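Observations on the model geometry
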Amino acid sequence: MPLLRNGHLVTDNPWIRLEDDVPTTSPAANAATVDAPLLVSMTRFLELQAHTNSGVSGVFLSPEDDVQLLSEHLHRIQVIVINFPKYTDGRGYSQARMLREQFHFAGELRASGDVRPDQLLFMARAGIDAFEFAETPDEKQIKQILARFQVNYQPSYALPVAG
Amino acid sequence: MYNYTEYDRDFLKSRVAEFRDQTERRLSGELDEEEYKQLRLRNGLYLQRQAYMLRVAIPYGMLSSVQMKKLAHIARVYDKGYGHITTRQNIQYNWPELEQVPDILAELADVDMHAIQTSGNCIRNTTTDPLAGAIGDEVDDPRPWCELIRQWSTLHPEFNWLPRKFKIAVTGALSDRAAIQVHDIGLRLVRNEAGASGFEVLVGGGLGRTPYIGQVIHEFLPTQHLLTYLAAILRVYNLEGRRDNLYKARIKILVNALGIDTFREKVDQQWARSRDTDDTFTAEQFSALKAQFPTAPLLGTLQTTVELDNGSHKGPDQMFSNPLFNQWYQTNTRPHRDSGRRIVYLSLKAPGVPAGDITADQMDKVAELAERFSESEIRSTHEQNLVLAHVPVDDLFKLWSELKAVRLATPNLGKLTDMIVCPGLDYCSLANAGTLEIHDQIYQRFDDLDYLHELGDVSIKISGCMNACGHHHVGDIGILGVDKGGVEWYQLTIGGHAGNKAALGQRLGKAIAKSDVADAIGHLLEAYIAVREPEESFHDTVMRLGTTPFKEKVYATAA
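To keep things clear, this report deals only with the structure shown in the data block. Just so you know, these numbers come straight off a predicted model, no measurement behind them. (Residues numbered from 1 in each chain as written. Chains lettered and ligands numbered in written order. Predicted model: local features only at pLDDT ≥ 70, side-chain atom pairs only at ≥ 80, totals over all residues. Heavy atoms only, no water.)

1. Concerning the overall build of chain A
If you tally the helices and strands in chain A, you get 5 helices and 8 strands. Order of helices (α) and strands (β) in chain A, N terminus to C terminus: β-β-β-α-β-α-β-β-α-β-α-β-α. By the compact-globule yardstick of 15 Å for 163 residues, chain A fits well, its C-alpha radius of gyration being 16 Å. For chain A, the spread of C-alpha atoms along the three principal axes comes to 50 × 30 × 30 Å. Excluding contacts between residues fewer than 6 apart, the proportion of contacts in chain A whose partners are at least 24 apart in sequence is 53%. Roughly 7300 Å² of accessible area belongs to chain A as shown, and the carbon and sulfur atoms make up 51% of that amount. In chain A, the 14 positive side-chain charges and the 20 negative ones have mean positions that sit 6 Å from each other. (Helix = DSSP H or I, 4+ residues; strand = E, 2+ residues; numbered from the N terminus. Rg over C-alpha atoms; globule rule 2.2 N^0.38 Å. Contact = heavy atoms within 4.5 Å. Areas by Shrake-Rupley, 256 points an atom, 1.4 Å probe, with all protein chains shown as cover. Lys, Arg positive; Asp, Glu negative; His and termini not counted. Charge placed at Lys NZ, Arg CZ, Asp CG, Glu CD.)

2. Observations regarding the overall build of chain B
Looking only at helices and strands, chain B features 18 helices and 21 strands. Expected size for 559 residues packed as a compact globule is a radius of gyration near 24 Å; at 23 Å, chain B falls within 12% of this value. For chain B, the spread of C-alpha atoms along the principal axes amounts to about 60 × 60 × 60 Å. Taken over 559 residues, chain B has a buried fraction of 62%. Partitioning the contacts of chain B with sequence separation of at least 6, the portion at a separation of at least 24 is 68%. Carbon and sulfur atoms make up 50% of the accessible area of chain B, which totals about 20500 Å². (Buried < 20%, exposed > 50% of the residue type's maximum accessible area, 1.4 Å probe, protein only.)

3. What about the interface of chain A and chain B?
Between chain A and chain B, the residue contacts involve 32 residues of the former and 40 residues of the latter. For the pair chain A and chain B, the two sides together bury roughly 3400 Å², of which 52% comes from carbon and sulfur. At the surface where chain A touches chain B, the tally comes to 6 salt bridges. Joining chain A to chain B, the criterion identifies 21 residue pairs in polar contact (both at pLDDT 80 or more). Looking at the side of chain A that touches chain B, the elements that each hand over two or more residues are helix 3 (91–102), helix 4 (120–125) and helix 5 (139–147) of chain A. With 8 residues, the top contributor of residues to the side of chain A that touches chain B is helix 3 of chain A. (Buried area = accessible area lost by both parts, 1.4 Å probe. Salt bridge = Lys/Arg side-chain N within 4 Å of Asp/Glu carboxyl O. Polar contact = N/O pair within 3.5 Å; in protein donor to acceptor, adjacent residues only side chain to side chain.)

4. Some details on the sheet that holds strand 4 (residues 82–85) of chain B
Residues and elements named next belong to chain B. Reading across the sheet, the 5 strands line up as 1-2-5-4-13 and stay open at both edges, with antiparallel pairing between neighbours. With partners counted over all chains shown, the strands left at the sheet margins are strand 1 (45–47) and strand 13 (357–359), one partner each. Averaged over all neighbouring strand pairs, the angle between strand axes comes to 30°, with direction disregarded. In terms of strand pairing, strand 1 meets strand 2 (residues 52–56) through 3 bridges, oriented antiparallel. Within strand 2, the position partnered with Leu47 by the bridge is Tyr52. Strand contacts of helix 3 (residues 65–78): strand 2, strand 4 and strand 5 (91–93), with the helix running at about 20° to strand 5, the strand carrying the most contacts. (Pairing = 2+ DSSP bridges. Axes fitted to C-alpha atoms, helices over the stretch in contact; angles between N-to-C directions.)

5. Re the packing of helix 5 (residues 143–153) of chain B against helix 9 (residues 283–290) of chain B
Residue and element names in this part refer to chain B. Where helix 5 meets helix 9, the axes come as close as 9 Å, and the angle between the chain directions of the two elements is 120°. You can see that helix 5 and helix 9 cross each other, and the crossing is right-handed. Together, Pro144, Trp145, Glu147, Leu148 and Gln151 of helix 5 and Phe286, Leu289 and Lys290 of helix 9 make up the contact between the two elements. Here the contact of helix 5 with helix 9 is built from residues that sort into 5 nonpolar, 1 polar and 2 charged. (Left-handed = near helix turned anticlockwise from the far one by under 90°. Nonpolar A, V, L, I, M, F, W, Y, C, P; charged D, E, K, R; others polar.)

6. A closer look at the pattern of salt bridges
Scanning the model with the defined rule gives 57 salt bridges over all chains in all. Its salt-bridge partner being Arg91(A), residue Glu64(A) comes within 3.5 Å of it at the nearest N-O pair. Of the two residues, Glu64(A) sits in the loop between strand 5 (58–60) and strand 6 (79–84) while Arg91(A) sits in helix 3, which places them 27 residues apart along the sequence. On the basis of relative accessibility, which here comes to 58%, the residue Glu64(A) falls in the exposed class. Here Arg91(A) falls in the buried class, since its relative accessible area comes to 13%. Look at the salt bridges and you will find they share partners, linking Lys365(B), Glu368(B), Arg372(B), Lys398(B) and Glu402(B) into a network.

7. A look at the packing of aromatic side chains
Throughout the structure, instances matching the rule amount to 25 aromatic pairs over all chains. Both rings, one in Phe446(B) and one in Tyr451(B), keep their centres 6.2 Å apart while their planes meet at 15°; by these two values the pair is stacked. For Tyr451(B), a relative accessible area of 23% corresponds to the partly exposed category. An aromatic cluster of three or more residues is present, and its members are Phe325(B), Trp328(B), Tyr329(B), Phe397(B) and Trp400(B). The ring of Phe60(A) carries Arg17(A) above its face, with NZ or CZ at 3.8 Å from the centroid. (Phe/Tyr/Trp six-rings, centres within 6.5 Å; stacked < 30°, edge-to-face > 60°. Lys NZ or Arg CZ within 6 Å of the ring centre and 35° of its normal.)

8. What to know about the sheet that holds strand 9 (residues 197–203) of chain B
By definition, the strands of a sheet pair up through backbone hydrogen bonds, in either a parallel or an antiparallel sense. Residues and elements named next belong to chain B. Read from one edge of the open sheet, 5 strands run 6-7-8-9-10, paired in mixed fashion. Because the sheet does not close on itself, it has two edges, and the strands there are strand 6 (127–128) and strand 10 (215–222). Relative to strand 9, strand 8 (residues 185–191) runs antiparallel, the two sharing 7 bridges. Bridge assignment links Arg188 to a residue of strand 9, and that residue is Glu200. Lying over the sheet, helix 6 (residues 226–240) contacts strand 8, strand 9 and strand 10, oriented at roughly 155° with respect to strand 10.

9. A look at the state of the cysteines
Residues and elements named next belong to chain B. All told, the structure shown has 0 disulfides over all chains when counted by the stated rule. Just so you know, Cys146 is unpaired, no disulfide at all, and the nearest cysteine sulfur is the one on Cys122, 17 Å from it. For Cys146, a relative accessible area of 0% translates into the label buried. Cysteine Cys465 remains unbridged, with the sulfur of Cys428 as its closest cysteine sulfur at 6.1 Å. (Disulfide = S-S within 2.5 Å.)

10. Re the packing of helix 1 (residues 6–27) of chain B against helix 2 (residues 33–41) of chain B
All names here are of chain B. Across the interface, helix 1 lies against helix 2 with an axial gap of 10 Å and an inter-helix angle of 160°. Overall, the two elements helix 1 and helix 2 adopt an arrangement that is roughly antiparallel. The way helix 1 lies across helix 2 gives a crossing that is left-handed. For the pair formed by helix 1 and helix 2, the contact residues are Arg15, Phe19, Gln22, Thr23 and Arg26 on the first element and Glu33, Tyr36, Leu39 and Arg40 on the second. (Parallel < 35°, antiparallel > 145°, perpendicular 65-115°, else oblique.)

11. Notes on the environment of Thr333(B)
Residue and element names in this part refer to chain B. Mapping Thr333 onto the fold places it in strand 11 (residues 333–335). Residues Thr333 and Ile343, 10 residues apart in the sequence, show an inter-C-alpha distance of 5.4 Å. Those residues in contact with Thr333 that lie beyond four places of it in its chain are Trp328, Arg342, Ile343 and Val344.

12. Describing a negative patch on the surface
Residue and element names in this part refer to chain B. On the surface, Asp447, Asp448, Asp450 and Glu454 cluster together into a patch of negative charge. One can find Asp448 in the loop between helix 14 (436–445) and helix 15 (449–455). The class for Asp448 is partly exposed, based on a relative accessible area of 43%. (Patch = residues over 30% accessible without salt bridge, like charges linked within 9 Å, V, L, I, M, F, W, Y side chains within 5 Å.)

What follows is the structure, encoded as structure tokens:
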């Protein structure tokens, strides 16, 4: 899926998302490498933490997940995928801000699901810095949208506009 | 009132450009209606029964005369020559063309106005006491706090996609004129024993199909924590409020499902982590805001030595010897904290006019009168009237004469014909029943001012559906339009109240046929006059006796 990261659209998106019903010993999971690491649900990630140091460094969240549960483990996580099942479902914005501001997560926060150009500004300002689209968006339009506001009423995160 | 800085103007220009772009993409077909709907709603643009409706924000009800003239211009050029003041102190235009909306917004931005977040599932226009900064019973002026909330909530990165709309009201007075107990969050400025100021915070009130009175979540929140505490409440709501059912998505449902104590624990837990890290404001920033709301220059004691120049000024004796003036003065004006001034209500409830409607010519006249008599400032009220808050006593007669000439001096403030009425079936695509005809029917039946004054203050509030935009739950008499097999019927409630003694009206009995509503109101009033104690209000009478004497009168006669 096309991914907007650091202001650039990239097409290689080398993470392997492992659903909860697929065992970590499956071929799909074994295909994971350093360059293409695994993403697992928060529940599974926490289970893995309890047992061994699994090396899994990607988590995909559901809107219901309480991100506080991840707070002890964030140093082992490279990327957290925040799911927007519908673009009108705003729970992901709170998850992002809590991860950034309360728990100081410094890795990648990636929006996934119903991600639309007109939402990017809110997402980026809430601390999300990568955006996964279902279809390749108009890059020019995205840049225009992200560059629109020079000022805002709330302090917020840097926008992912490439120079 | 608050004066925009370059910062505010830069922001607003960007917002106008953004919405113009979104609208162009809609018109070109690039955006579908489903997606555009959410975007336009966050800019106050609804698709109604017959046309688009644009709701323009009047932040906490404060308007300058320059802004009022612009509203008149927009009514004239882009609409049918009038606007409608809403129960959120905003103004609605019912007939704009979609293609012209970006231009309207650009014109509004020229006078520091906008339509941001006047609809959609986000933080709406914050409302307050329309007499703020002028009335005597004030602990502190709520308007700088409203402005702070306005800025903080405008395009907030986290809270623009809530489960449902979110309404905040603030009062700084002892007497609640902002209905804070029926808001998602109600804030009351208070002082503690040490004299420090803080907020009593209420949460989970609201009308709509499941009405609740708000509950106290914090008895004394020191003012410097206002924004972080609001954010903590909003975050718990954003994460945990229901999104599966539109009718159960308001914060009142969450608060009541969890119980106020559990809800408070969640907020406190959230707040403990965010109160020192979340974005907030400095004392200097707030002082700068506060300085934007100076008090009107003190006139002091009543001046009686005014020169009588060809009748345009009248001394108190001459003023009050005019019975019509006297009646208006008693009904539509209130004491200002400065005895040399008076607070004046402009009734938008003249006979034959939909409640809250104001023509472009009236708007221009109001702007002119505000410049001459009231510090160039106008307020809108949630009861759908206007206020000139600082009128010198010596100018009252002149003001009254000019208001009368433009039909803005109907002496019915707080009386039966000062009804709150939602637009109803004639305009609104949600409504089940008409409200405008009911309003007219009642108005025609009770147009005898002497009778209205004998009755005292009795409020009628009319909603065309369960969404309760007409606030029927908190009217002395509430009227709710319902649809029964394609026929409009009206459910009456009595004993509701929106002020300090906030209460939800009690259902009287079976619904009334459309043609019989005014008769039923007549019976209610007869019952009230028959059983009330001297000086007893309608609400107190219902509290004391319950609905029975009223029910008997209405249904016995109807049967």
